[in-house]
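Breakdown of the fold
What follows is each chain in one-letter form.
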Amino acid sequence: MRKEAKIYVAGHRGLVGSAILADLDRKGYTNITVRTHKELDLINTNEVSNFFKSEKPEYVFLAAAKVGGIVANNTYRGEFIYDNLMIQNNVIHQSYLNNVKKLLFLGSTCIYPKNCPQPMKEEYLLTDTLEYTNEPYAIAKIAGIKMCESYNIQYGTNFIAVMPTNLYGPNDNFDLEKSHVLPALLRKIHLGKALMEEDWNAILKDLMRYPIKGILPSDTTESIIKKLDEIGITRTFDGKVTVHIWGTGAPMREFLWSEDMADACVFLMENRDFEDMYSNTTEIRNTHINIGTGVDISISDLADLIKSIVGFEGAFKFNSDKPDGTQKKLTDVSKLNALGWKHKIGLEQGIYKQYKWYLTQ
Ligand SMILES: NC(=O)C1=CN([C@@H]2O[C@H](COP(=O)(O)OP(=O)(O)OC[C@H]3O[C@@H](n4cnc5c(N)ncnc54)[C@H](OP(=O)(O)O)[C@@H]3O)[C@@H](O)[C@H]2O)C=CC1
Ligand SMILES: C[C@H]1O[C@H](OP(=O)(O)OP(=O)(O)OC[C@H]2O[C@@H](n3cnc4c(=O)[nH]c(N)nc43)[C@H](O)[C@@H]2O)[C@@H](O)[C@@H](O)C1=O
């Protein structure tokens, strides 16, 4: 990619999109175009067509999507499949019609079977049934992979698909109902510590930055304590605090720092073309590539790690009313590592960085 090449980052305000924007800037790319969701609704085919016709980007990072944690995926099933299919159909098809040189599509490791052999290799795609809680989202992502692959085969486009593991970092989603596990636990444990220390400034600052439905900063402390209890941050009569963790705590998850993720995306955009992704010329499939650390941790151990970093001295309670989801989804990153890319930020360092960033919000 020439440093002055015109690059479109879709979803530039999100966790991944904002990290890609910063990474491109750091690497000296000077001609980036972006649009907010309000300025350009990627579900709207006409709007997307007009954008591509007028902007004519040469490269596209497709980091815009309807994204959320296990409960959001399981609740808003229709939105997760419709929004994501529409966004990717519009951006991928308009990229083809407008001769985009290269597009990078972001999928997710939830595309692999619920009981996939571990660690999960790219060729395990479509070999068994999916995890129910995020099946609509996963089907949309699989359709995105297949659309990139099929356009490349039929039209000679150069659209590559990457499958990231769970991600975290600045500009993450901290809505406690809709977010992923790491930001959710970081925030709940942070609030638990503040509640135990009766640090009302910290609590009010948090509620102002990330409003929680039904809680107003002007509420009485008794009312705030009651509402925090309802969302799983419970203060008992002796002043101790218990933070509720969804599920059993047994599932294993892998977490990649978002800035590492962005570096991998730019690395692949710079170094890998579609024809590098396969050898068999008769049946071309599984041309996507996993991005991860290859290291996982149980939810329970993750909570303990966050507890030590935040300095929370309360307790945890596991809430099995909430779903566990897939028990393990460790990525096999040997393909990516063989290309010379490896993550730099380990989980403990990443959580420190995430918490430091969170405290500046
Ligand atoms: N976070 C994770 O753990 C993982 C994420 N991924 C994938 O990475 C990509 C980015 O995810 P992430 O950064 O976490 O998600 P975020 O929710 O942080 O960012 C998504 C971005 O897309 C924008 N967006 C959503 N819908 C539309 C729309 N209709 N039109 C225009 N913009 C829209 C959002 O804008 P707004 O907020 O204003 O609506 C937001 O800026 C996604 O494809 C996701 O599937 C894959 C694996 C793990
Ligand atoms: C990236 C990935 O993310 C999603 O899959 P997921 O990893 O299952 O989602 P998650 O991060 O929300 O949960 C991971 C685990 O964590 C446990 N858990 C405990 N306590 C909380 C909690 O407070 N919040 C949340 N969200 N989870 C919690 C929870 O019970 C589960 O066992 C899909 O979007 C999928 O499509 C996808 O792409």
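Residues numbered from 1 in each chain as written. Chains lettered and ligands numbered in written order. Predicted model: local features only at pLDDT ≥ 70, side-chain atom pairs only at ≥ 80, totals over all residues. Heavy atoms only, no water.

In plain terms, the rule: UniProt positions are given in the numbering used here, feature names are shortened, and annotations may be inferred rather than shown by experiment.
Per an unreviewed UniProt entry, the chain is named GDP-L-fucose synthase, and its organism is Pelagihabitans pacificus. Reading the Pathway (unreviewed entry) entry of the UniProt record for the chain gives the comment "Nucleotide-sugar biosynthesis; GDP-L-fucose biosynthesis via de novo pathway; GDP-L-fucose from GDP-alpha-D-mannose: step 2/2." According to its UniProt record, the chain has this under Catalytic activity (unreviewed entry): "GDP-beta-L-fucose + NADP(+) = GDP-4-dehydro-alpha-D-rhamnose + NADPH + H(+)".

1. Thoughts on the packing of aromatic side chains
Definition in use: Any Phe, Tyr or Trp ring, taking Trp's six-membered ring, that has another such ring centre within 6.5 Å forms a pair; planes under 30 degrees apart are called stacked, those over 60 apart edge-to-face, and the others tilted. In DSSP terms, a helix is any run of H or I states spanning at least four residues, a strand is any run of E spanning at least two, and both are numbered starting from the N terminus.
Evaluation of the coordinates by the stated rule reveals 15 aromatic pairs. Ring centres of Y96 and Y155 lie 4.1 Å apart, and the angle between their planes is 20°; this geometry places the pair in the stacked category. Note that Y96 is positioned in helix α4 (residues 77-97) and Y155 in helix α5 (residues 135-155), a separation of 59 residues in sequence. Where Y168 meets W257, the ring centres are 5.4 Å apart and the plane angle is 70°; that geometry is what we call edge-to-face.

2. Remarks on the sheet that holds strand β12 (residues 315-319)
Selection rule: Strands were regarded as paired on the criterion that DSSP finds at least two bridges between them. Angular values range over 0 to 180 degrees, each being the angle between N-to-C directions of two axes fitted as lines to C-alpha atoms, with helices fitted over their stretch in contact. Note on contacts: a residue pair qualifies if any of its non-hydrogen atoms lie within 4.5 Å across the two residues.
On the basis of which strands lie adjacent, the open sheet formed by three strands has the order β7-β8-β12 and mixed pairing. Two strands close off the open sheet at either side, each with one partner strand: β7 (233-235) and β12. On average, adjacent strands in this sheet sit at an angle of 30° to one another, irrespective of strand direction. Relative to strand β8 (residues 241-246), β7 runs antiparallel, the two being bridged by three bridges. Of the residues in β8, the one forming a bridge with I233 is V243. Lying over the sheet, helix α6 (residues 181-196) contacts β7, β8 and β12, oriented at roughly 170° with respect to β8. Contacting β8 and β12, helix α10 (residues 299-310) runs over the sheet at an angle of about 155° to β12.

3. Notes on the pattern of salt bridges
Note the following rule: Think of a salt bridge as a Lys or Arg side-chain nitrogen and an Asp or Glu carboxyl oxygen that are within 4 Å of each other.
Enumeration over the complete set of coordinates arrives at 20 salt bridges. For the salt bridge of E198 with R235, the shortest nitrogen-to-oxygen distance reads 2.8 Å. Here R235 lies in strand β7 and E198 lies in the loop between α6 and α7 (200-209), a separation of 37 residues in the sequence.

4. Comments concerning the site of ligand 2
Put simply, the test is: The rule for a residue being near a molecule or strand is that one of its heavy atoms must lie within 4 Å of it. Residues adjacent in sequence count toward polar contacts only when both atoms are side-chain atoms; beyond that, a polar contact is any pair of N or O atoms within 3.5 Å, and within protein one must be able to donate a hydrogen and the other to accept it. Computed by Shrake-Rupley with a 1.4 Å probe, the accessible areas treat only the displayed protein chains as cover when residues are assessed. Side-chain classes follow a simple rule in which Ala, Val, Leu, Ile, Met, Phe, Trp, Tyr, Cys and Pro form the nonpolar group, Asp, Glu, Lys and Arg form the charged group, and the remainder, Gly included, forms the polar group.
Ligand 2 sits among 23 residues. The nearest are G68, S108, K188, P323 and D324. In the environment of ligand 2, an oxygen atom lies 2.7 Å from a nitrogen or oxygen atom belonging to the backbone of G68. In the model, a nitrogen atom of ligand 2 is placed 3.0 Å from a nitrogen or oxygen of the W246 main chain. In isolation ligand 2 exposes 700 Å². Once the protein is present, 98% of that is buried. For the shell around ligand 2, the secondary-structure elements that each account for two or more residues are α3 (70-75), α6 and β8. Here the shell around ligand 2 gets four residues from one element, more than from any other, and that element is α6. In terms of residue class, the shell around ligand 2 is built from eleven nonpolar, eight polar and four charged.

5. As for the pairing of strand β4 (residues 102-106)
Note the threshold: Between buried and exposed lies partly exposed: a residue is buried under 20% and exposed over 50% of the maximum accessible area for its type, with that area taken using a 1.4 Å probe on protein chains only.
Burial of β4 is extensive: five of the five residues sit out of reach of the surface. Residue alternation in β4 divides its side chains into two sets, K102, L104 and L106 and L103 and F105, and both sets are buried. With four bridges joining them, strand β3 (residues 59-62) and β4 adopt parallel strand pairing. Paired with L62 across the bridge in β4 is F105. Bridge analysis of β4 against strand β5 (residues 159-164) gives four bridges, and the strand direction is parallel. Bridging across to β5, F105 finds its partner in A161.

6. Side note on the site of ligand 1
In the vicinity of ligand 1 lie 25 residues, with V16, H37, Y137, K141 and L167 positioned nearest. Between ligand 1 and H37, the relevant distance is 2.7 Å, taken from an oxygen atom to a side-chain nitrogen or oxygen of the residue. L167 places a main-chain nitrogen or oxygen 2.9 Å from an oxygen atom of ligand 1. Among the elements of the structure, α1 (15-26), α5 and β6 (166-168) are those that each provide at least two residues to the shell around ligand 1. Grouping the amino acids of the shell around ligand 1 by side-chain chemistry returns 14 nonpolar, eight polar and three charged.

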